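Notes for the structure review
Residue-level listing of the chains:
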Amino acid sequence: MADIGKDIYKAKSFLEQGDLVGIPTETVYGLAGNALNPDAVARIFAVKNRPSFDPLILHTYDLERVENFTLDIPEQLLPLAEKYWPGPLTLLLPKKEIVPDLVTSGLDKVAVRIPNHPLTRELLAILDFPLAAPSANPFGYISPTNANHVNDQLGDKIPYILDGGICNVGLESTIVGIEDGKVTVYRLGGLELDKIEAVVGNVQLMAHSSSNPKSPGMLKSHYSPKKPFIVGDLSELVKFYTSKGVDFAVLSFDKEIEEIPKFRQIQLSRNKDLSEAAKNLFASMRALDSLDVSVILSELLPEEGLGRAINDRLRRASVGE
Ligand code: TXA
Ligand code: MG
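Residues numbered from 1 in each chain as written. Chains lettered and ligands numbered in written order. Predicted model: local features only at pLDDT ≥ 70, side-chain atom pairs only at ≥ 80, totals over all residues.

Here we take up the environment of P24. Take P24: it is sitting in the loop between strand 2 (21-23) and strand 3 (30-34). For P24, a count of 29 C-beta atoms within 10 Å translates into the label buried. When residues no more than four places from it in sequence are discounted, the contact partners of P24 are Y29, H117, L119, T120, L162, G164, G165 and C167. (Helix = DSSP H or I, 4+ residues; strand = E, 2+ residues; numbered from the N terminus. Buried ≥ 20, exposed ≤ 12 C-beta atoms within 10 Å, placed from the backbone. Contact = placed C-beta atoms within 7 Å.)

Right, here's the structure in full:
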């Protein structure tokens, strides 16, 4: 198992040796390595069991440093960077040669993010290289939102996990770029669409696809628990699976279902607070996935604000069922 602690100098020394470290961010935990060291980047893909066509996000300290890795920040995207960094926003920017092709899977744009977590900001401040960091989960599984999640799945493959507590946002960053001259959202995430549109006007949403090389990471089947995950009308689903005699667990927005034992159900937010629901989402999916049941039943949340990104994750968790 990995060593877990709050020592940024320890993290720094592992990263300088080309080793990988679990790092906290406000969205989810990342599996971080020196983004300018192709060996470290290759190890990220290996540890995650991630296909090399799915590019990584480069994490850095501030806008000034972003300029070291990108040719420019397009005029349409700059106001987003200025307003929402540090924060749950990733921008696709034309890359400089210094960024290894492995990071971008050969694409000419690099995904860049300035995360907003105090420990990781301190770490980035003392590093003289940026960090490549995908979510610290095996490819295709649910993203980790605390240090134990990382340790459970990748602890035997990395030396150190920087413990920054529970991730405040709980959903991955929103990915934004430009497509045919229009501001485009490639992945819904922790920064709500309305907040982006308030700054840049209407944006286009890029549909998920498993074959579109422009959004290689938007694979449809993602964020999946190991158990079959079924999304729909909860009372109908409960009725159906009860009648079949199947053991199930339930993930709901706010309601408790009386006929089901308490330990088999989780409410994401009893106050119907979407931020709270987002923060609880992945840990709840993991908890239900570890129960001795055959299926997990879930409902969708209101399709507004963070509810859109939450629903995106719920739908993708259920693909293949
Ligand atoms: O919140 C987050 O973004 C977290 C934390 C750790 O920062 N990271 C994260 O990374 O979610 P990951 O690797 O699980 O998802 C990154 C996605 C990729 O799957 C891909 O879709 C997209 O970012 N991406 C990265 N570079 C890209 C590029 N050059 N062009 C298009 N999409 C890119
Ligand atoms: Mg991921």
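Okay, the nonpolar core next. Grouped together as the largest cluster of nonpolar side chains are 88 residues, with contacts concentrated most on V21, A32, L58, V103, A132 and I310. Per-element accounting of this core gives the leading share, seven residues, to helix 10 (residues 274-289). Mapping this core onto the domain boundaries places at least three of its residues in each of domain 1 (3-205) and domain 2 (229-318). Leave out the neighbours within four places in its chain, and A132 touches A32, G33, A35, V41, I44, L56, L58 and V103. (Core = buried A, V, L, I, M, F, W, Y, C linked by C-beta atoms within 7 Å. Domains from an automatic or database assignment.)

For an interface, size is often stated in terms of accessible area lost upon the parts coming together. You can read the domains of the chain as domain 1 (3-205) and domain 2 (229-318). Computed over C-alpha atoms only, the centres of domain 1 and domain 2 are separated by 28 Å. Listed as interface residues are 15 residues of domain 1 and, on the opposing side, 15 residues of domain 2. Of the residues that constitute the side of domain 1 that touches domain 2, the class distribution is five nonpolar, eight polar and two charged. (Nonpolar A, V, L, I, M, F, W, Y, C, P; charged D, E, K, R; others polar.)

A few words now on the pairing of strand 15 (residues 295-298). Where strand 12 (residues 229-231) lies against strand 15, three bridges are found, and the strand directions are parallel. Following the sheet pairing, V231 is matched in strand 15 by S298. (Pairing = 2+ DSSP bridges.)

Moving on: unusual backbone geometry. Cis rather than trans, the peptide bond between W85 and P86 has omega equal to -5 degrees. As for its position among the elements, P86 is in the loop between helix 4 (78-84) and strand 5 (89-94). Phi at D180 takes a positive value of approximately 50 degrees, unusual for a residue other than glycine. Here D180 shows up in the loop between strand 9 (174-179) and strand 10 (182-187). According to the C-beta neighbour criterion, D180 is exposed, with 6 such atoms within 10 Å. Its identity is not glycine, yet K272 carries a phi of approximately 55 degrees, on the positive side. Take K272: it is sitting in the loop between strand 14 (265-267) and helix 10. Overall, the presence of 15 C-beta atoms within 10 Å leaves K272 in the partly exposed class.

Let us now look at the sheet that holds strand 12. Read from one edge to the other, the open sheet built from four strands follows the order 12-15-13-14, with strand pairing classed as parallel. Edge positions in the sheet fall to strand 12 and strand 14, since each has one partner strand and no second. Across the sheet, the mean angle separating the axes of adjacent strands is 15 degrees when strand polarity is ignored. Across four bridges, strand 13 (residues 248-252) lies against strand 15 in parallel orientation. Note on strand 15: the bridge partner recorded for L251 is S298. Sheet strands touched by helix 9 (residues 234-243): strand 12, strand 13 and strand 15. Its angle to strand 15, the strand with the most contacts, is close to 155 degrees. The strands touched by helix 11 (residues 306-318) are strand 12 and strand 15; relative to strand 12, the strand with the most contacts, the crossing angle is about 125 degrees. (Axes fitted to C-alpha atoms, helices over the stretch in contact; angles between N-to-C directions.)

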